[in-house]
Amino acid sequence: MTDTAGTGALPVEGVPAARVLDEIRGLRAADRPTHGGRLFAYVYDPGVAGLDELAQAAHAESAHVNGLDPTAFPSLLAMENALVGAAARLLGGGPGTSAPDVVGSVTSGGTESLILAVKAARDARPDLTEPRIVVPVSGHAAFAKAAHYLRVALDPVPVDPVTLRPAVADVAAAIRPETVLVVASAPSYAHGVVDPVAEIAAVAAAAGVRCHVDACFGGWTLPWLRRLGAPVPPFDFAVPGVTSISVDLHKYAYAPKGVSVLLHRDAGLRAPQFFAYADWPGYTMVNPVIASTRSGGPIAAAYATLRHLGEDGYLRLAAVTRDAVAGLADAVRAVDGLRLLAEPESTVVCFTADDPELDLFVLVDELTARGWHTQPQLAYAGLPASVHLTVTAAVAPRVAEFGPALAEAAAAARAAGPVVLPPELLALAGSLTPEALTPDLIAGLAAGLGLGAGAAPDRMAAVNTLLQAAPVRLRERLLVEFVGLLQRPTW
Ligand SMILES: Cc1ncc(COP(=O)(O)O)c(C=O)c1O
């Protein structure tokens, strides 16, 4: 029988609903597993029965509601305000605290929250022609993106190779008269360490500069870990000088993707975040966030998730996650040649290899082959290559299996030996400038590494080794080119 439906997104004749869903499920089969505690990046899984179904139902209720106009859809405004209130309360703000006037906005994710924090800081200083932000190199790459999008200069501050934190004196020294924002992470994504927020906020305040705490990753875990007795340093609105905080609900609040909260200590600090426009013949527009039309789906799903789990639920999940982190760290310590890059103090386990015969990128591939998906991080600015594990509650039941799998993968990586790229290729990667990259050269490199159109290779060690050999600007350009090869329309 002729298949008039084809496989494209727009068939000549519409396809029955059940079949469309089957097709999507078929495509999803190639994805990394979002549930089950074997994927240590990208996903945040509490492993709570029924939570997905609740979030999906809530998402569906509000999917067609438009956040463009809060007066037309008061349901969304009510849920947004409730999410902001919950986040503020968890992070040291609200009635009865030293930050009673905290306000905020719900954004689509951590990156949007950070871009808006930078925008608010920049636009609060219209007198400056060349505004700048001070960001430790361990700060999330989204700050660089914000600086790039908003034409704000970035002043990076190095981190200590042992503590993985910036020195407060270096932060203070980086602040200039044009600085509009100083950043601290709680914790950093890469290593999971909390910056000295109180000291950084103090030097920012002394200079009259805003201080943003990026708690996108840890804002919904550190408070519970502290309640459980962990020695979490002050990082929230209780710290004088902290002017804004971001926390992603689609991370450790376990909401489906598309929700973060950006909080400001008061409405005056938030005001320059907004954009309003009445100088056109259409509707008068006011957008607190970057998107104009935005779906109510993620907001309703997050609201349902918070209400269902509640404080007791998050506390329980944090305890489970804390124990899983300890178990995974022990598993790393038990393997010769592997070393924790930082003692875990939040929900990240990050390790490196001290033995040149144990190639971390090969180890990552060996783990992948065994169904464990970890995240390689390239050597950078004196910091060694490392492997990052984002640990969520769903990992807990898997911890006992991870140790043997890690040991086995390490043995296999040793047996395979380190990646050896042709010396001329390595020399080329080390010496090429991004400008010298021609389409032919890129196509040759991609083919040599197995990066065909529309697919990435199963084993990424060679790609990572090549990227690591390249200077940072060339790394970026190669990544753009390689992903550009993947993003091609299907007809
Ligand atoms: C500390 C931190 N900030 C910002 C972000 C960016 O968040 P998103 O990927 O939601 O844009 C992340 C993401 O992992 C993060 O860990």
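Read on for a plain summary of the structure. Computed from a predicted model, the values in this text were never measured in an experiment. (Residues numbered from 1 in each chain as written. Predicted model: local features only at pLDDT ≥ 70, side-chain atom pairs only at ≥ 80, totals over all residues. Heavy atoms only, no water.)

## Some details on the site of the ligand
Part 1 of the argument: Taken together, 13 residues lie near the ligand, and Gly110, Thr111, Asp214, His250 and Lys251 sit nearest.
Part 2 of the argument: Here an oxygen atom of the ligand sits 2.6 Å away from a polar atom, N or O, in the side chain of threonine 111.
Part 3 of the argument: In this structure, aspartate 214 approaches the ligand through a side-chain N or O atom, which is 2.7 Å from a nitrogen atom.
Part 4 of the argument: For the ligand, whose free accessible area comes to 390 Å², the fraction covered by protein is 83%.
Part 5 of the argument: Sorting elements by how many residues they give to the shell around the ligand places helix H4 (residues 110–123) first, with three residues.
Part 6 of the argument: When its residues are assigned to classes, the shell around the ligand shows five nonpolar, five polar and three charged. (Near = heavy atom within 4 Å. Polar contact = N/O pair within 3.5 Å; in protein donor to acceptor, adjacent residues only side chain to side chain. Areas by Shrake-Rupley, 256 points an atom, 1.4 Å probe, with all protein chains shown as cover. Helix = DSSP H or I, 4+ residues; strand = E, 2+ residues; numbered from the N terminus. Nonpolar A, V, L, I, M, F, W, Y, C, P; charged D, E, K, R; others polar.)

## Examining the packing of helix H2 (residues 51–62) against helix H10 (residues 297–333)
Part 1 of the argument: In the contact formed by H2 and H10, the axes pass within 7 Å of each other and the chain directions differ by 140 degrees. If you check the angle between H2 and H10, you find them oblique. The handedness of the crossing between H2 and H10 comes out as right-handed. From H2, Leu51, Leu54, Ala55, Ala58, His59 and Ser62 reach across to H10, where they touch Gly297, Pro298, Ala300, Ala301, Ala304, Thr305, His308 and Leu309. (Axes fitted to C-alpha atoms, helices over the stretch in contact; angles between N-to-C directions. Parallel < 35°, antiparallel > 145°, perpendicular 65-115°, else oblique. Left-handed = near helix turned anticlockwise from the far one by under 90°. Contact = heavy atoms within 4.5 Å.)

## Things to note about the pairing of strand S3 (residues 153–157)
Part 1 of the argument: The pairing of strand S2 (residues 132–136) with S3 spans five bridges and is parallel. The partner of valine 135 across the bridge, within S3, is proline 156.
Part 2 of the argument: In this region the chain leaves S2, passes through helix H5 (residues 141–150) and returns to the parallel neighbour S3; the handedness of that crossover is right-handed. (Pairing = 2+ DSSP bridges. Right-handed = clockwise from strand over helix to strand, strands pointing away.)

## Section: the pairing of strand S4 (residues 179–185)
Part 1 of the argument: When you tally the buried positions in S4, you get seven out of seven residues, the bulk of the element.
Part 2 of the argument: When S4 meets strand S5 (residues 210–214), the two strands line up parallel, connected through five bridges. By the bridge assignment, alanine 184 is partnered in S5 with valine 213. (Buried < 20%, exposed > 50% of the residue type's maximum accessible area, 1.4 Å probe, protein only.)

## Let's talk about the packing of aromatic side chains
The geometry of two aromatic rings is summed up by the distance between their centres and the angle between their planes.
Part 1 of the argument: Tallying each qualifying case throughout the model produces twelve aromatic pairs.
Part 2 of the argument: With 5.7 Å between their ring centres and 70 degrees between their planes, tryptophan 220 and tyrosine 314 make a pair best called edge-to-face. Here tyrosine 314 lies in helix H10 and tryptophan 220 lies in the loop between S5 and helix H8 (222–227), a separation of 94 residues in the sequence.
Part 3 of the argument: Of the residues examined, tryptophan 220 reaches a relative accessible area of 4% and is grouped as buried.
Part 4 of the argument: Between tyrosine 252 and tyrosine 254 the ring centres are 6.1 Å apart and the planes differ by 75 degrees, which places this aromatic pair in the edge-to-face class.
Part 5 of the argument: Through a chain of ring-to-ring contacts, the aromatic side chains of Tyr44, Tyr189, Phe217, Tyr252 and Tyr254 assemble into a single cluster.
Part 6 of the argument: Over the aromatic face of tryptophan 372 sits the side chain of arginine 38, whose NZ or CZ is 4.2 Å from the ring centroid. (Phe/Tyr/Trp six-rings, centres within 6.5 Å; stacked < 30°, edge-to-face > 60°. Lys NZ or Arg CZ within 6 Å of the ring centre and 35° of its normal.)

## A closer look at the environment of valine 348
Part 1 of the argument: Inspection of the secondary structure puts valine 348 in strand S11 (residues 348–353).
Part 2 of the argument: Sequence separation between valine 348 and valine 20 is 328 residues; the distance between their C-alpha atoms is 38 Å.
Part 3 of the argument: Among residues more than four places away in sequence, those in contact with valine 348 are Tyr189, Ala190, His191, Gly192, Phe217, His388 and Leu389.

## Regarding the sheet that holds S3
Part 1 of the argument: Spatial ordering of the open sheet is given by S1-S7-S6-S5-S4-S2-S3, a layout of seven strands whose pairing is mixed. Each end of this open sheet is capped by a strand with a single partner; those strands are strand S1 (103–107) and S3. Between one strand axis and the next, the sheet turns by 20 degrees as a mean value, whatever way the strands run.

## Points about the sheet that holds strand S12 (residues 375–377)
Part 1 of the argument: Taken in spatial order, the four strands make up an open sheet running S10-S11-S13-S12, and their pairing is antiparallel. Edge positions in the sheet fall to strand S10 (338–340) and S12, since each of these pairs with one other strand and no more. Averaged over neighbouring strand pairs, the angle between their axes works out to 30 degrees when direction is ignored.

## Points about helix H11 (residues 360–369)
Part 1 of the argument: Where burial is concerned, most of H11 is hidden: nine out of the ten residues are buried.
Part 2 of the argument: Every buried residue of H11 is accounted for by Leu360, Phe361, Val362, Leu363, Val364, Asp365, Glu366, Leu367 and Thr368.
Part 3 of the argument: In this fold, the buried residues of H11 make contact with S10, S11, S12, strand S13 (386–390), helix H12 (399–416) and helix H15 (461–469).
Part 4 of the argument: At the N-terminal end of H11, a side-chain oxygen is found 2.8 Å from the backbone nitrogen of phenylalanine 361, two or three residues along, and the residue is aspartate 359.
Part 5 of the argument: Positive phi appears at glycine 371, one or two residues downstream of H11, with a value of about 85 degrees.

## Observations regarding the packing of H11 against H12
Two numbers describe a pair of packed helices, the interaxial angle and the distance between the axes.
Part 1 of the argument: For the pair H11 and H12, interaxial distance at closest approach is 8 Å and the crossing angle is 130 degrees. The angle between H11 and H12 places the two elements in the oblique class. Here the hand of the crossing between H11 and H12 comes out right-handed. Every residue of H12 that contacts H11 at Val362, Leu363, Glu366 and Leu367 is listed here: Phe402, Ala405, Leu406, Ala409, Ala410, Ala412, Ala413 and Ala416.
Part 2 of the argument: Residues belonging to the contact of H11 with H12 are distributed by class as follows: eleven nonpolar, no polar and one charged.

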